Amino acid sequence: MNVGWPRPASDDPSALGWPPPDTDDDDVSRETDADLVSRETEPGPVSRETPTAEPEEPSVVDAAPLTDLPPTAQRVPSGPWPLPPNPRILGVANQKGGVGKTTSTVNLAVALAQHGARVLVVDLDPQGNTSTAFSVEHREGTPSIYDVLVHGRPLDEVAAPVEGVPQLRCAPATIDLAGAEIELVSMVAREMRLARALTGVAADYDYVFIDCPPSLGLLTVNALVAAREVLIPIQCEFYALEGLSQLLRNIELVRAHLNPALHVSTILLTMFDARTRLAEQVAEEVRNHFGPVVLTESIPRSVRISEAPGYGQSVMTYDPNSRGARAYAQAAYELAGRAATEEGHMNEGTSS
Ligand code: ADP
Ligand code: MG
């Protein structure tokens, strides 16, 4: 089965295409095909577990083994969670729109703040959906991340408190940000403006999430230069993996030239619909390819998740007992647990 993981372009002209040509077991659209169903119980001709059958792991992906991950079934503890020794700065990126970047940023941030972390969310999308979900003022002209990037205004001057979540602040995005891609082009150190703005304030937080726009332009580059980790939400749908190799190439470029610490630390499967075989196939392919950076928990498709922003809320506050809220809590708990292992991983895997 191959659900279209893009191979390096140099090896395969159809690398970004879907489905790849001439494979005999890749037709993910044949959900009703009895033959396909019957294969579920048979090992395929090539075991996906065989490491040599996999394409090269992109080097930007942090493939270190992670220990102590909570199994999905385990309930998240209600008290404080482990805090990272140093602030973790995560760029939430995927140039595809509508894959759950904003939803994941919002709900992971709230879940972590609810369990003792100090969290800053930077809304870097001119659409300002994150700001909306937090009910943070973001009308044109409101002090915002635009002023930080373009006019050098201190970030803590624009970071606003989020009502109902005491430890959380949000630097809002206004529509002014739509012009920033162009305005930044002629500016000094145009790729580093967010990184510099964060230098002074990151220490006040345990987590900084940067919600990227659906493009790979200068705003996203600013996020990748400012971040240490990249969190990629992947929607469990047919074209899920299209464009991912381009994102990974950009991450590699930023890492090579501007930010050596940058790595893909986390992949989160979103809008997972367990009833469809396609979602399972996409999830399986992503897990086979990326290994342990994929969070064990995936986020189900849930009406409550999509309703929450309409009330200026995260699903964590809107309906904390819903399936969606519980999944985001579990995913956030996993994310927090990985911070504890990161120190060990950076010291050649000594377990902590
Ligand atoms: P992005 O920021 O990547 O563009 P969003 O987080 O804004 O994507 O999500 C796109 C749309 O999908 C939004 O309307 C959002 O409410 C909805 N959505 C996101 N995650 C889920 C989910 N798990 N279940 C149902 N709807 C979702
Ligand atoms: Mg968004």
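Data block above holds the structure.
Our subject in this report is the structure included herewith. This structure is a prediction, so every number in the text was calculated from the model and none was measured.

Focus on the site of ligand 1
For step 1, the next point in the chain: Of all residues adjacent to ligand 1, which total 14 residues, the nearest are G98, T102, T103, P300 and S302.
For step 2, the next point in the chain: Interatomic distance of 3.1 Å between a backbone N/O atom of V99 and an oxygen atom of ligand 1.
For step 3, the next point in the chain: At a separation of 2.9 Å, a nitrogen atom of ligand 1 approaches a polar backbone atom of P300.
For step 4, the next point in the chain: Burial of ligand 1 by the protein amounts to 79% of the accessible area it has alone, namely 550 Å².
For step 5, the next point in the chain: At the level of elements, α2 (101–114) and α11 (303–307) are the ones that each hand at least two residues to the shell around ligand 1.
For step 6, the next point in the chain: Of the residues belonging to the shell around ligand 1, the class tally is 5 nonpolar, 7 polar and 2 charged.

Some remarks on the sheet that holds strand β2 (residues 119–123)
The strands that make up a sheet pair up through hydrogen bonds in the backbone, lying either parallel or antiparallel.
For step 1, the next point in the chain: Spatially, β3-β4-β2-β5-β1-β6-β7 is the arrangement adopted by the 7 strands of the open sheet, whose pairing is mixed. Each having just a single partner strand, β3 (160–162) and β7 (263–270) make up the two edges of the open sheet. On average, each strand axis in the sheet is inclined to that of its neighbour by 25°, with strand direction left out of account.
For step 2, the next point in the chain: Taken together, the 7 bridges between strand β6 (residues 229–235) and β7 define a ladder with parallel strand orientation. Paired with I232 across the strands is I267, a residue of β7.
For step 3, the next point in the chain: Set on the sheet, helix α9 (residues 244–257) makes contact with β6 and β7; between it and β6 the angle comes to about 175°.

Description of the nonpolar core
For step 1, the next point in the chain: Counting residues in hydrophobic clusters, the biggest one holds 60 residues, and the most contacted among them are I145, L198 and I210.
For step 2, the next point in the chain: At 7 residues, the largest contribution of residues to this core is made by helix α8 (residues 218–226).
For step 3, the next point in the chain: Leave out the neighbours within four places in its chain, and I145 touches V122, D123, L124, L155, V158, A171, P172, A173, L177 and L194.
For step 4, the next point in the chain: Listed in part, the 39 residues of the second largest apolar core include V92, A117, L168 and A325.

Details of the pairing of strand β5 (residues 207–211)
For step 1, the next point in the chain: The buried fraction of β5 amounts to 5 of the 5 residues, a majority that puts the element mostly inside the structure.
For step 2, the next point in the chain: Burial of β5 is two-sided: the residues Y207, F209 and D211 facing one way and the residues V208 and I210 facing the other way are all buried.
For step 3, the next point in the chain: As paired elements, strand β1 (residues 88–92) and β5 share 5 bridges and run parallel to each other. Looking at the pairing, L90 lines up with F209 of β5.
For step 4, the next point in the chain: Here β2 pairs with β5 via 5 bridges, running parallel. If you follow V122 over to β5, its bridge partner there is I210.

As for the pairing of β2
For step 1, the next point in the chain: Of all 5 residues that make up β2, 5 are buried, and the element is covered over most of its length.
For step 2, the next point in the chain: Alternating residues of β2 divide into V119, V121 and D123 and L120 and V122, and every residue in both groups is buried.
For step 3, the next point in the chain: Note that β2 and strand β4 (residues 165–171) share 4 bridges and pair parallel. Paired with V122 across the bridge in β4 is A171.

Points about the pattern of salt bridges
For step 1, the next point in the chain: For the structure on display, the rule yields 10 salt bridges.
For step 2, the next point in the chain: For R88, the salt bridge identified is with E229, shortest N-O distance 2.8 Å. Residue R88 is found in strand β1, and its partner E229 is found in strand β6; the two are separated by 141 residues along the sequence.
For step 3, the next point in the chain: A salt bridge links R304 to E307, with the shortest nitrogen-to-oxygen separation between them at 2.8 Å. Of the two residues, R304 and E307 are both situated in helix α11; the distance of 3 residues between them amounts to about one turn of the helix.
For step 4, the next point in the chain: A single salt-bridge network, built from bridges that share partners, covers R304, E307 and D319.

The rules behind these values
- Residues numbered from 1 in each chain as written.
- Chains lettered and ligands numbered in written order.
- Predicted model: local features only at pLDDT ≥ 70, side-chain atom pairs only at ≥ 80, totals over all residues.
- Heavy atoms only, no water.
- Near = heavy atom within 4 Å.
- Polar contact = N/O pair within 3.5 Å; in protein donor to acceptor, adjacent residues only side chain to side chain.
- Areas by Shrake-Rupley, 256 points an atom, 1.4 Å probe, with all protein chains shown as cover.
- Helix = DSSP H or I, 4+ residues; strand = E, 2+ residues; numbered from the N terminus.
- Nonpolar A, V, L, I, M, F, W, Y, C, P; charged D, E, K, R; others polar.
- Pairing = 2+ DSSP bridges.
- Axes fitted to C-alpha atoms, helices over the stretch in contact; angles between N-to-C directions.
- Contact = heavy atoms within 4.5 Å.
- Core = buried A, V, L, I, M, F, W, Y, C linked by side-chain atoms within 4.5 Å.
- Buried < 20%, exposed > 50% of the residue type's maximum accessible area, 1.4 Å probe, protein only.
- Salt bridge = Lys/Arg side-chain N within 4 Å of Asp/Glu carboxyl O.

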